[in-house]
Each structure stands twice: as C-alpha cells, then as structure tokens.
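So the chains spell out like this:
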There are 2 protein chains.
Amino acid sequence: MSAVRKPIGVFDSGIGGLTLVKALVEELPSESVVYFGDTARVPYGTKSKSTIVRFSLENVEFLLRFDVKCIVVACNTSSSWALPTLRKYFKVPIIGVIRPGAMAATRRTRNKRVGVIGTRATVESRAYETAIARIDPAVTVSSQSCPLFVPLVESGWLNGSVCRMITEQYLDPLKQQGIDALILGCTHYPLLASTIGQVMGEGVALIDSAKETVAEVRGMLMGEDLLCDQHVKPRYQFFVTDEADHFTQLGEQFLGRSIRSVERVNHR
Amino acid sequence: MSAVRKPIGVFDSGIGGLTLVKALVEELPSESVVYFGDTARVPYGTKSKSTIVRFSLENVEFLLRFDVKCIVVACNTSSSWALPTLRKYFKVPIIGVIRPGAMAATRRTRNKRVGVIGTRATVESRAYETAIARIDPAVTVSSQSCPLFVPLVESGWLNGSVCRMITEQYLDPLKQQGIDALILGCTHYPLLASTIGQVMGEGVALIDSAKETVAEVRGMLMGEDLLCDQHVKPRYQFFVTDEADHFTQLGEQFLGRSIRSVERVNHR
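Position numbers for residues start from 1 in each chain and track the written sequence from start to end. For naming, the first written chain is A and the first written ligand is 1, with later ones following in the order written. Owing to the predicted nature of the model, reporting of local features is limited to residues with pLDDT of at least 70; listing and counting of side-chain atom pairs is limited to 80 or more, with chain, interface and lining totals taken over all residues. Excluded from the side-chain calculations are hydrogens and water; all other atoms, namely the structure's heavy atoms, are used.

(A) Region of interest: the pattern of salt bridges. Residues and elements named next belong to chain A. Any carboxyl oxygen of Asp or Glu that lies within 4 Å of a side-chain nitrogen of Lys or Arg is treated as forming a salt bridge with it. Evaluation of the coordinates by the stated rule reveals 30 salt bridges over all chains. With a closest N to O distance of 3.7 Å, E129 and R126 form a salt bridge. Connected through salt bridges with shared partners, the residues D38, R41, R54 and E58 form a single ionic network.

Okay, structure coming up:
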C-alpha cells in the first residue's frame, strides 16, 4: 500500500475519542482510520502515571499491526502522561491533544488567563500548564479536575439541575480566577459544552482539544507528504477490548454517524 | 500450614472491598486475609458480563497462589455475573455478596417490597431478584442503577447538596414503590448511608451486603471445620494492579485502620 493510503491510527481509553474521529472524518474525508478503544480498562483518568504509560504503550503496539502512517492519542490522560515515552519508543509520528489545545487557548485568550478542566490524572500531570508556558509564559493557567463529568455524560445527564449544580461546583473557582478561555481537556466534556457555556458566561471561549488536534494532524501529514487528498473511499475500522455492542450504541452518539465493523480484541 | 491457619482470599474490582475486610477483621479477628484489588482495571460495573467473568477468573487464579482456604467475592458486580462460572471452574469454596444481602433483605422487609441499588452491570444481571425469588417468591424487588455514586464517594462528596440531589433523583422511583428494605448493592454505597437514609426515611432498613456476607463466611468455615478461633496473630496482605500509594491513602478510609504491606502486581 502506498504510504499516503495507509490509515491513521487513533486510540483512546474508551469511547470518547470518537469525538476526535468525528472531526477527522469531517476535515480529512479521504483518510482511513483504525480506532482502538480500551473499553475493558476504561477509565484511565483515575489511574496512576505508570499504569497509563503501560496501557498506552500496548495501545500503540496494537495499532502498529495495521501499518498506520501516524498515531493520534485522542485521550487527554494518555497524552498528558504517556506522550514522551511513546515518542521515545516508536518511530511512527505520534500526535497528542495537549499541545493543540494549549495553542488554541493561548491564541484565544485576551487577558492571558486560561482554565483547564480534565480528569484527575490530566490535572495532576500539569501537561497543559507546561505546554502553555512554552508557548507564552505570560499566560497563567488554573486547572480543575471534574471526576463526575464522565459518568454524567455517560448517564446522558447533559442538562438539568444535577448537571448544572455539579458544573457550578467545579467551575466556580475558575470563574473567580477571571479566565476568558477554558480548555475542555477530556474527550467527554464537549458534550457538556452547553451547560459549561451557561455557567461560564459568554465572555469565556471553550476550547475543544479534539478539533484543534485535527488541524495539527493535517499539518503534520502535509509536511511529511502523507496527506491523502485523492478522491478515495476511506475505510473505518473500530477495535475495542470490551463487548462491541455497547460501544456501537453509545459510540454513534459521539461519532454522529452509524458505526460498522467493530471488533473485540483481547488486548490483555 | 494447617488448613485452619490458611488465609481467606478476598477480591474486588478496586478499593471498595475493604469495607468487607473491615467487617471480616472485626468479626473474625484470628483470620488472616489476602486482599486483591484490580485497581488498574476498575470499575467493573460499567463493563460487560464476559469481561467481568474473565477478570474474575484471573483474580481467583491470583488468590489461589496464596493457598487460601476460601474466597470471598467482595465485588457485587463480580458476584452478580461471575459466581456460577467461578464455582464451576474452581474447587475452593467461593462466597459472593448477593445471597447474603438477599437473605437479610428478605428477613427485614415486612411489606415484602425490597429495593436494590447497584452498578449498571449488577442491576442488569438481576442477580438480587433471582436470589430473593428463591428465598421468598412473594417479595417484589425494584432496582435502580446509580452510576454517579462511586465517583461521588471517591470524590469525598458524601453529604451536601449535590450528593443529596443525585440521591433523590436515583431513589425517588424506589420510594414510590413503597419499599421498606433497601440493599446497598455496591461496596461504595455504605459510605453514603447517611444521605441515603435521610432520603429514604426512617421506615426503610438499609442492608449492607458486606456485613451480611461475613456471617455467611463464618458459617461456611464452621461447617467445613476451617474456622480459625485460636488466639493467633493474623496476617493481612494487600495486592493491587495499579500503584500502591493511592490505594493505601483512600483504602484507610474504607478499612478504618492503617494499611501495611501493599504490593503492586502486574496481573495483566
């Protein structure tokens, strides 16, 4: 297979990375995608760095079987803790969601105050702080872990009084910092954007790292002469470690289109 | 080692099974315990039956290395889906939390209306319904999955308005069924007993399956002549699949005493 026609590999701890695949399909419609979701071991955001790194290494190894031309780490938690190790071990280009999200926030803020919300592991890693400090050291970053957001989304409680109250509890400290840009640093959080936007108010820009990352993927592929801009029919394959059915049902909400070809693998 | 002095093996998807160990230590103070918490793959309650069974088989295999005299499945989700398979494959006596909880609820209810709360997997398994129907077919069972309860507990939000509002949302349908006994069908839920009790009102008995299970363990050990009632110093060992530190910190809240000897194992 010509290098250009090779698929893009994407992995996530579970289902949330499909929001990134959605943006990828829209923006790069000729690219084929192999998606791997570690649904048997999800979530990663409550686990330790060493476990997250170990799982991420295994996920990349799995995707390499498909001769992917690059790998996108859709999971913020994996991107936060594992990216340096992945890049040290593997030659394939690997793109995470942190730098693209940090770039966008730094571009969007006017008062140089940025907020980050994510899992416990992402927040503890301080990966967004490090990335933003490299881009513009004058920007101050306030961060907040939101452990109830993923179960809220997976329960379908995207609006209503419980969702609103939890969102206020998490975001009040960030509002008090006077931020004007907020990075939604977990694949599930864009589904709460409406409530988050109401709580934060109109003056605060919400940054979806997944969307920003697709632009970086495009740029990298162009730079490496790997962009597939021919008029070809792409192929989408999905692999998960837990049962396929549950993934397919919930996944179609995240992807915004029907999912075929989901296969369960005994990753571990 | 004499059979009586062999340790009791306990496994759970994570940290919550320590509430059962706490009861075990209090009720059977001469028994040694080997605890296994699959903290790298926690939670089980959002996973499918086949994955839960596979993980549970691996957990029993791990505990058998310690020549345990019996195994207690502290996890409601594992007990719900995996117990028949575990008993089919292994000769060691294996006790789950479902039947003891079902027995207690059937004993306590006066109006023959029992409620069950648990993870999605536990509720879908209908394991409590099946167990209660065997004991007293006249009892009707209403069940409700509460996916936000575990993250609430792990966030330490055991009281306050968010906790109260979520609890009301989950329990209102059970209140309307007029139940007078409620099985707390997940190891984490007893930590919410105060809020759950306020929402349900005084007339509703809260059943902690872990406590009930310890009585069944004692009975089984007596029946098999395996009860250690000599005055010996017990040994407590803890094994986890994610990092030991986080387990130790949170675990001491569940166990109500300090935890020594935690070892990380690469289960998978």
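Having seen the model, we can carry on.
(B) The relation of the copies chain B and chain A, seen in detail. Copy-to-copy superposition: least squares on the C-alpha atoms, limited to residues that have pLDDT of at least 70 in both copies. Once turned by 180° and shifted 0.0 Å along the axis, chain B lies on chain A with an RMSD of 0.0 Å. Taken together, the rotation and translation relating the two chain copies correspond to the operation of a two-fold axis. Among all C-alpha atoms of chain B, that of R41 of chain B lies closest to the rotation axis, at 2.3 Å. We call two residues contacting when some pair of their heavy atoms lies within 4.5 Å. Take the interface residues of chain B: 100% of them recur as interface residues in chain A, which is what a same-surface contact looks like.

(C) Region of the structure containing the sheet that holds strand 9 (residues 236-240) of chain B. Residue and element names in this part refer to chain B. Being paired, for any two strands, means DSSP has found at least two bridges between them. Here a strand is any run of E in DSSP of at least two residues, a helix any run of H or I of at least four, and the numbering for each starts at the N terminus. An order of 4-3-1-2-9-10 is seen for the 6 strands of this open sheet, with the pairing classed as parallel. Either end of the sheet is taken by a strand with one partner, and the two such strands are strand 4 (94-95) and strand 10 (262-264). By the bridge criterion, 4 bridges tie strand 1 (residues 8-12) to strand 3 (residues 70-73) in an arrangement that is parallel. Within the sheet, the bridge partner assigned to V10 lies in strand 3 and is V72. Helix axes are fitted to C-alpha atoms over the stretch in contact, other axes to C-alpha atoms as well, and angles between N-to-C directions run from 0 to 180 degrees. Across the sheet, helix 11 (residues 244-255) is in contact with strand 2 (33-37), strand 9 and strand 10; its angle to strand 9 comes to roughly 130°.

(D) Examining the interface of chain B and chain A more closely. In this complex, chain B contributes 31 residues to the contact, which on the side of chain A involves 31 residues. Between chain B and chain A, a total of about 2,600 Å² is buried, with carbon and sulfur atoms accounting for 57% of that surface. Where chain B packs against chain A, one counts 0 salt bridges. Identification of polar contacts relies on pairs of N or O atoms within 3.5 Å, with a donor-acceptor requirement for protein atoms, meaning one able to donate a hydrogen and the other able to accept it, and with residues adjacent in sequence counted only if both atoms are side-chain atoms. If you look at where chain B meets chain A, you find 16 residue pairs in polar contact (both at pLDDT 80 or more). Of all the secondary structure elements, the ones that give two or more residues to the side of chain B that touches chain A are helix 2 (49-64), helix 7 (149-154) and helix 8 (160-176) of chain B. The element contributing the most residues to the side of chain B that touches chain A is helix 8 of chain B, with 6 residues. Under the scheme applied here, ten amino acids are nonpolar (Ala, Val, Leu, Ile, Met, Phe, Trp, Tyr, Cys and Pro), four are charged (Asp, Glu, Lys and Arg), and all others, including Gly, are polar. Its residues placed into classes, the side of chain B that touches chain A shows 13 nonpolar, 10 polar and 8 charged. What counts as buried area is the accessible surface, traced by a 1.4 Å probe, that two parts surrender upon association, with contributions from both included.

Keep in mind these numbers describe shape, not what the thing actually does.
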